[in-house]
Amino acid sequence: MTTHPVERILRGIRKSLGLGASQSSDSLPSRVYTAFLEGITLGGGIPRSINGEPSIQIVPTCRSISSRYEADVWDWLKQRTTPASVILDVGAQLGLYSMLASRHIGKEGRIFAFEPSPETVAVLNRHLRMNKMSDRVEVVQAAVGPEDGEVTFYMAGTHPCNTMAPTTVDPVKLTPIQVKSITLDSFCRQRQLQPTILKIDVEGWELPVLRGARETIQDPNLTICVEMHPYAWE
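Attention here is on the structure that accompanies the text. (Residues numbered from 1 in each chain as written. Predicted model: local features only at pLDDT ≥ 70, side-chain atom pairs only at ≥ 80, totals over all residues. Heavy atoms only, no water.)

### What to know about helix 3 (residues 71-80)
Alright, step 1. Within the span of helix 3, buried status applies to Ala71, Trp74 and Leu77. Relative to the axis of helix 3, the buried residues are bounded by an arc of 130 degrees and lie together on one face. Exposed side of helix 3, more than 90 degrees from the buried face: Asp72 and Gln79 are the residues found there. (Buried < 20%, exposed > 50% of the residue type's maximum accessible area, 1.4 Å probe, protein only. Helix = DSSP H or I, 4+ residues; strand = E, 2+ residues; numbered from the N terminus. Arc of directions from axis to C-beta.)

Printed below as a string of structure tokens:
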């Protein structure tokens, strides 16, 4: 894993003080550690080389991100990404896929990153700014579903288990909020888009997303990558 030199030094200090990886990110030592990283990097983030790609800068609160992130999925998508790709990243979360792909789409390509969580969108936008990718990636702060309007979204900050489809086995406490909801069909019509890649990772909300994309997914040239939860396998 590529790390900032100061981060490596601080890891040693953390270890000597008994503040290992199990330390809660909400604990006082962890918050102090994060604040120090923010200060020493002047808000410019810390580097991560993910799946062998050139390093990107990430915010210190995301420092647990590994150097390998769904590598097989990324390799599959990368093979299908061209300099003119138009990518819909539904469930963009912190923007890892959008950032990795933005370096392969050229000046003609475009990425639309859909993410409803206000806290996650703040980090996503910061990632794009610090990596100078805002000109290629447009953040759409909305949930994607079967109809336009509003939907109840269950969230816990920037946690990856944020979802529109909570279960009894969610690992964290989720708080419901109301967020804007759009369909991919209406979005593509309004923007006059003909996407070439559709990536969906929405923690159990996959079928509602696809129901709102009946027109979009008719394109035989569209590449679709969906993380499908077990309830929908049949």
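### What about the packing of aromatic side chains?
Alright, step 1. The tally for this structure, following the rule as stated, stands at three aromatic pairs.
Alright, step 2. Both rings, one in Phe114 and one in Phe187, keep their centres 5.0 Å apart while their planes meet at 75 degrees; by these two values the pair is edge-to-face. Here Phe114 is found in strand 4 (residues 110-114), whereas its partner Phe187 is found in helix 6 (residues 184-191), with 73 residues between them in sequence. Per residue, the accessibility class of Phe114 equals that of Phe187, and both read buried.
Alright, step 3. Put simply, the rings of Phe112, Phe114 and Phe187 touch in pairs and so form one group of aromatic residues.
Alright, step 4. Positioned over the ring face of Phe112 is Arg110, at 5.8 Å from the centre of the ring. (Phe/Tyr/Trp six-rings, centres within 6.5 Å; stacked < 30°, edge-to-face > 60°. Lys NZ or Arg CZ within 6 Å of the ring centre and 35° of its normal.)

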